[in-house]
Amino acid sequence: MSGEGDTVASVVRQWRAVHPELNTGPMEVIGRINRCSALLQQAEDAPLRRAGLSRAEFDLLGALRRTGHELTPSELARETFSSGAAVTKRLKQLTERGLIERRGDTRDRRVAHLRLTDAGRDLVDGILPEQLAYETAVLSVLAPEGQDHLAALLGDLLSRLEGRTGSVHT
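Treat the numbers as computed from the prediction; the structure is a model and nothing was measured.

Novice: A description of the packing of helix H3 (residues 55-67) against helix H5 (residues 84-96) should follow, citing residues and the corresponding values.
Specialist: Where H3 meets H5, the axes come as close as 10 Å, and the angle between the chain directions of the two elements is 80°. Of the possible angle classes, the one that applies to H3 and H5 is roughly perpendicular. Packed against H3, whose contacting residues are Ala56, Glu57, Leu60 and Leu61, the element H5 presents Val87, Arg90, Leu91, Gln93 and Leu94 at the interface. Of the residues belonging to the contact of H3 with H5, the class tally is six nonpolar, one polar and two charged.

Below, the structure is given as structure tokens:
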């Protein structure tokens, strides 16, 4: 078992004592992914909190910034893996803050087209470098080849979980 000193190693040792017949290998991987995710999210959310944004709000702003064009609320929901209701609520707040502008569709009044305001673009562009610098620092404990290998392994796992290369059955 790798990572003898991390919190997941301790949990796995406890489970092995209670159920020595069970294979705890999956727990070592999934548990560490979950624990890393929680710790990374905490640190990465600090610049967002300073800007008065939630992770979900930043994801909406980021989707508009990285696509480089207007999106409808349903397109934003797909881009951010969010429900339509959640996107609607966040868009209202972001519009009230002057970070997003709405434009009605000329053919269908029920459709709104959304884009970043200059303030929204500046906010995203100000936060992103700080987040990337943090991610670079965190990953610096791994050699570049290790980072590439980890990225490839996680990409394979994510593709499988997203159903792109077949389904995961229990």
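There's plenty left to go through after this.
Novice: Account for a nonpolar patch on the surface, with residues named and values stated.
Specialist: Judged by side-chain polarity, Val29, Ile30, Ile33, Leu40, Val138, Leu139, Val141, Leu142, Leu150, Leu154, Leu157 and Leu161 come together as a nonpolar surface patch covering roughly 940 Å² of accessible area. Within the residue set of the nonpolar patch, elements represented by two or more residues are helix H2 (25-50), helix H6 (118-139) and helix H7 (144-161).

Novice: Describe the pattern of salt bridges, and please don't skip the residues or the numbers.
Specialist: Taken as a whole and judged by the stated rule, the model has twelve salt bridges. Among the ionic pairs, Arg66 bridges to Glu79, the shortest N-O distance being 2.9 Å. Taken as a pair, Arg66 in helix H3 and Glu79 in helix H4 (residues 73-80) lie far apart in primary sequence, 13 residues in all. Looking at Arg66, the relative accessible area reads 54%, which means it is exposed. Exposure remark for Glu79: the relative accessible area of 33% places this residue in the partly exposed category. Across the pair Arg103 and Glu70 runs a salt bridge whose closest N-O atoms are separated by 2.5 Å.

Novice: Outline the pairing of strand S2 (residues 112-116), supporting the account with residue identities and numerical values.
Specialist: Within S2, four of the five residues are buried, which leaves the element mostly enclosed by the surrounding structure. When strand S1 (residues 100-104) meets S2, the two strands line up antiparallel, connected through five bridges. Note on S2: the bridge partner recorded for Arg102 is Leu114.

Novice: Just give me the short version of the nonpolar core, but keep the residues and values in it.
Specialist: Within the largest apolar cluster, 20 residues are counted, with the highest numbers of intra-cluster contacts made by Leu53, Leu61, Leu64, Leu76, Leu91, Leu94 and Ile100. Elements represented by at least two residues in this core include exactly H3, H4, H5, S2 and H6. For this core, the element with the highest residue contribution is H3, accounting for five residues. Those residues in contact with Leu94 that sit more than four places away from it in its chain are Leu53, Glu57, Leu60, Leu61, Leu99 and Ile100.

Novice: Describe in detail the packing of H3 against H4, supporting the description with residues and values.
Specialist: Taken N-terminus to C-terminus, the directions of H3 and H4 make an angle of 100°; their axes are 10 Å apart at the nearest point. Judged by the inter-axis angle, H3 sits roughly perpendicular to H4. Along its contact with H3, which presents Asp59, Leu60, Ala63, Leu64, Arg66 and Thr67, the element H4 presents Leu76, Glu79 and Thr80. Its residues placed into classes, the contact of H3 with H4 shows four nonpolar, two polar and three charged.

Novice: Tell me about the environment of Thr67, and name the residues and values.
Specialist: Tracing the backbone shows Thr67 in helix H3. Taking the C-alpha atoms as reference, Thr67 lies 38 Å from Asp6; in sequence the two are 61 residues apart.

Novice: Tell me what's going on with unusual backbone geometry, and back it up with residues and numbers.
Specialist: One non-glycine residue, Phe81, lies in positive phi territory at about 55°. By secondary structure assignment, the location of Phe81 is in the loop between H4 and H5. For Phe81, a relative accessible area of 72% corresponds to the exposed category.

What counts and what doesn't
Residues numbered from 1 in each chain as written. Predicted model: local features only at pLDDT ≥ 70, side-chain atom pairs only at ≥ 80, totals over all residues. Heavy atoms only, no water. Axes fitted to C-alpha atoms, helices over the stretch in contact; angles between N-to-C directions. Helix = DSSP H or I, 4+ residues; strand = E, 2+ residues; numbered from the N terminus. Parallel < 35°, antiparallel > 145°, perpendicular 65-115°, else oblique. Contact = heavy atoms within 4.5 Å. Nonpolar A, V, L, I, M, F, W, Y, C, P; charged D, E, K, R; others polar. Patch = residues over 30% accessible without salt bridge, like charges linked within 9 Å, V, L, I, M, F, W, Y side chains within 5 Å. Areas by Shrake-Rupley, 256 points an atom, 1.4 Å probe, with all protein chains shown as cover. Salt bridge = Lys/Arg side-chain N within 4 Å of Asp/Glu carboxyl O. Buried < 20%, exposed > 50% of the residue type's maximum accessible area, 1.4 Å probe, protein only. Pairing = 2+ DSSP bridges. Core = buried A, V, L, I, M, F, W, Y, C linked by side-chain atoms within 4.5 Å.

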